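One letter stands for each residue in the lines below.
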Amino acid sequence: MNIPDTVGYSIPDEYGRIIRTIIDRVPNIGKAIVSVHCHDDLGLAVANSLSGVLNGARQVECTINELVSGQVTPSLEEIAMAIRTRHETMGVETNINTEKFLNRAACSRR
């Protein structure tokens, strides 16, 4: 079940409450994977996605290595690294091999 913020209007606390409310109130929600899809109009897509995860979402729709010009969804690398470095706070882990991420700084020097 996807809960989008495709206008990029929400702030993290508000978006997290929306996810938590849906998870708490929808019968049989445990049979579905709750997914978030946040746009970055206000620069909050990563923060909103992480707030969704903190509140029970288990899938994040995002962009890999900024392959899309004019990216509007959050960066997989940023989300994965936030979850990896703050996994105690986030309460989740991923199986993402972060060693494979493209080093943007190194690439821009080439």
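Below: a short report on this structure. (Residues numbered from 1 in each chain as written. Predicted model: local features only at pLDDT ≥ 70, side-chain atom pairs only at ≥ 80, totals over all residues. Heavy atoms only, no water.)

**Topic: unusual backbone geometry**
Not every positive phi belongs to a glycine, and asparagine 28 is a case in point at roughly 60 degrees. Along the chain, asparagine 28 turns up in the loop between helix H1 (12-25) and strand E2 (35-38). (Helix = DSSP H or I, 4+ residues; strand = E, 2+ residues; numbered from the N terminus.)

**Here we look at the pairing of strand E1 (residues 2-5)**
Residues Ile3 and Asp5 of E1 are buried on one face, while the alternating residues Asn2 and Pro4, pointing to the opposite face, are not. Handedness of the β-α-β unit built from E1, H1 and E2 comes out right-handed. (Buried < 20%, exposed > 50% of the residue type's maximum accessible area, 1.4 Å probe, protein only. Right-handed = clockwise from strand over helix to strand, strands pointing away.)

**Focus on the pairing of E2**
Across the two faces of E2 the burial is the same, with Ser35 and His37 and Val36 and Cys38 all buried. Note: E1 against E2, four bridges, orientation parallel. By the bridge assignment, proline 4 is partnered in E2 with histidine 37. Pairing geometry for E2 and strand E3 (residues 59-61), over three bridges, is parallel. Looking across to E3, one finds that valine 36 is bridged to valine 60. Handedness of the crossover joining E2 and E3 through helix H2 (residues 45-54) is recorded here as right-handed. (Pairing = 2+ DSSP bridges.)

**Looking at the nonpolar core**
In terms of nonpolar packing, the biggest core is built from eleven residues, these being Ile3, Tyr15, Ile19, Ile22, Ile23, Ile29, Val34, Val36, Cys38, Ala45 and Ala57. Broken down by element, this core gets its largest block of residues, four residues, from H1. Ignoring sequence-local partners within four residues, the contact set of tyrosine 15 consists of Ile3, Pro4, Asp5, Ser10, Val36, His37, Cys38, Asn48 and Gly52. If you look at the next biggest cluster of nonpolar residues, it comprises eight residues, including Val46, Leu50, Ala82 and Val92. (Core = buried A, V, L, I, M, F, W, Y, C linked by side-chain atoms within 4.5 Å. Contact = heavy atoms within 4.5 Å.)

**Regarding the sheet that holds E3**
Strand order in the open sheet made by the three strands is E1-E2-E3, with parallel pairing throughout. The open sheet terminates on both sides in strands that have one partner only, identified here as E1 and E3. Across the sheet, the mean angle from the axis of one strand to that of its neighbour is 20 degrees, orientation sign disregarded. Along the sheet face, H2 touches E1, E2 and E3 and points at about 165 degrees away from the line of E2. (Axes fitted to C-alpha atoms, helices over the stretch in contact; angles between N-to-C directions.)

These results come straight from atomic positions and should not be treated as a statement about function.
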